[in-house]
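Listed below, chain by chain, are the residues.
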Amino acid sequence: SLRDGQVFGDGRRGDLKATIAAVLLDEEADLRSNDAAKIREPILRFVHWARAFDVANLDAENERQLNSTADPIESIGQHPFNSPTVFNFYRPGYVAPGTETGAAGLTAPEFQLVNEASTVGYMNFMFDFVFDRTSAHKGSLRTFTPDYSDEIALADDPNALADRLNLILLAGRMLPETHAAIVEAVSAMPLNEREGDAEDRAKVAILFAVLSPEFAIDP
């Protein structure tokens, strides 16, 4: 039941209305609570970027960075369908040492993939894909090509560009600090001095967004 007394179901065992209400209304289902949020797996962050920008020519065999993404230093530290244990890529009861979640006694299974090396590896990996400069087995074949046309159209309005990325990448959860950093970085870049200035602005803004703490949290 809700705080206002509203009750779901009729109290009979197995009532699906009550079951669904219990799942959806549970405190842990409310991701506005910091205690309920969780780190998003790096491969899911990469896929989110690819979907958000309609990445075309998805030929993974042509991408050297996708030969194996398991290396946390050279890549993102997680390779799809190749989990090391039956618990997937992390232990379900993992408590991250030296963190605020650990001090609070909270389990954070996905944090088992997060360390200094994997953080830098993810940054480098996403930099290459965001800037469409990944190395290919067949150099003449362009693969994993993003469409930034909507973002390029906003290159002369850094605030609007940041707002769009907040919508399509961060589910409206962009922190003021991140927004300000994007606006400052984009505003400092030249525009209309040469061909490609607008695209460069868009790419830098996107990179800031996909490397932000908000993007790493499950929306």
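It should be noted that the structure appears before, not after, this text.
Read on for a plain summary of the structure.

Each value, and the rule that gives it
- Residues numbered from 1 in each chain as written.
- Predicted model: local features only at pLDDT ≥ 70, side-chain atom pairs only at ≥ 80, totals over all residues.
- Heavy atoms only, no water.
- Helix = DSSP H or I, 4+ residues; strand = E, 2+ residues; numbered from the N terminus.
- Buried < 20%, exposed > 50% of the residue type's maximum accessible area, 1.4 Å probe, protein only.
- Contact = heavy atoms within 4.5 Å.
- Areas by Shrake-Rupley, 256 points an atom, 1.4 Å probe, with all protein chains shown as cover.
- Patch = residues over 30% accessible without salt bridge, like charges linked within 9 Å, V, L, I, M, F, W, Y side chains within 5 Å.
- Salt bridge = Lys/Arg side-chain N within 4 Å of Asp/Glu carboxyl O.
- Lys, Arg positive; Asp, Glu negative; His and termini not counted.

A few words now on the overall build of the protein chain. The secondary structure content of the protein chain amounts to nine helices and zero strands. Burial statistics for the protein chain: of 219 residues in total, 36% are counted as buried. Within the protein chain, counting contacts between residues at least 6 apart in sequence, those at least 24 apart form 62% of the total. Surface exposure of the protein chain reaches about 13,300 Å², of which carbon and sulfur atoms provide 53%.

Before going further, it helps to spend a moment on a nonpolar patch on the surface. Together, L16, I20, V23, L24 and L25 make up a nonpolar patch on the protein surface, roughly 530 Å² of accessible area in all. Mapped onto the elements, L16 comes out in helix α1 (residues 16–24). The class for L16 is exposed, based on a relative accessible area of 61%.

Attention now moves to the side chain of R45. Relative to the helices and strands, R45 is located in helix α2 (residues 42–52). No salt bridge is formed by the buried R45, whose closest oppositely charged neighbour, E41, lies at an N-O distance of 8.9 Å. Aside from chain neighbours lying at most four places away, what touches R45 is I39, R40, Y122, F215 and A216.

Worth remembering: the numbers are spatial, not functional.
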